[in-house]
Amino acid sequence: MATVFAGMAASLDGYIQSASGDLAWLNDVMAPGEDYGSADTEARTGAYVVGATTYREMRGAGALGGVPTWVVTHDAGLPRGRDVRRYSGDLAQLVPTVRAEIDPGMDICVFGGGQLVTQLLDLGLVDELAVSVVPVVLGGGVRFFGSMTSSTRLELVECRPFPSGIVRLDYRVVRPEP
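Parameters and conventions
Numbering of residues starts from 1 in every chain and runs along the sequence as written. With the structure being a predicted model, the display of local features is reserved for residues of pLDDT at least 70 and the display and counting of side-chain atom pairs for 80 or more, all residues being used for whole-chain, interface and lining totals. To obtain the side-chain values, all non-hydrogen atoms of the structure were used and water was disregarded. Following DSSP output, two strands are said to pair if at least two bridges run between them. Helix numbers and strand numbers start at the N terminus; a helix is a DSSP run of H or I with at least 4 residues, a strand a run of E with at least 2. Axes, fitted as lines to C-alpha atoms, cover a helix only where it is in contact. Angles between the N-to-C directions of the axes lie from 0 to 180 degrees. Three labels apply to residues, based on accessible area from a 1.4 Å probe with only protein chains included: buried if under 20% of the type maximum, exposed if over 50%, partly exposed otherwise in between.

1. Notes on the sheet that holds strand β9 (residues 154-161)
One open sheet holds the 8 strands; their spatial order is β5-β4-β3-β6-β1-β7-β10-β9, and the pairing between them is mixed. Looking at the sheet topology across the chains shown, the edges are occupied by β5 (84-87) and β9. Taken pair by pair, the neighbouring strands of this sheet meet at an average axis angle of 20 degrees, ignoring direction. Bridge analysis of β9 against strand β10 (residues 167-173) gives 7 bridges, and the strand direction is antiparallel. Looking at the pairing, E158 lines up with D170 of β10.

2. Concerning the pairing of strand β6 (residues 107-111)
Most of β6 sits inside the fold, with 4 of its 5 residues counted as buried. As defined by bridge partners, strand β1 (residues 4-11) adjoins β6 across 4 bridges and the pair is classed as parallel. When the bridges of β6 are listed, G7 appears paired with F111. In terms of strand pairing, strand β3 (residues 45-51) meets β6 through 5 bridges, oriented parallel. Residue pairing for β6: V50 is matched across the bridge by F111.

As far as function goes, none of this settles anything; it's purely spatial.
In structure tokens:
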């Protein structure tokens, strides 16, 4: 069964975007030649689940690469590509829907959008979570995590520091004992 994994880069104080919407703080820290996990992500991803804002950014950068992508949005006019599906239904049904349509040996990557990651995590639909902590304090902006109805326990799988100062933390979601 496909693993659902989510990840995001965040400032040390937990923001994924500055108050002005600027992402230069992220690009300024990333060092040429450092692979922060993108090669592994691309190799294991059979489908992306993204929010509309992230989709627009990825589409503009040509980053989707033909991988089936579900865009969570209520915007019926959202421009779509050949491998893009708009999803506006019950989020609890999204992961089973995606799993049924992709190669069972591949995984589902929830990419971008702190609100979407928070909602899926709160529904118990995320299996793994990666946070790349960027050595900058923004002081405000868009938070990685929003409000949740309950806490989610995580188990650290790996901690990888990079020469640029970015630290990637990979976690597995701990499921309650039945």
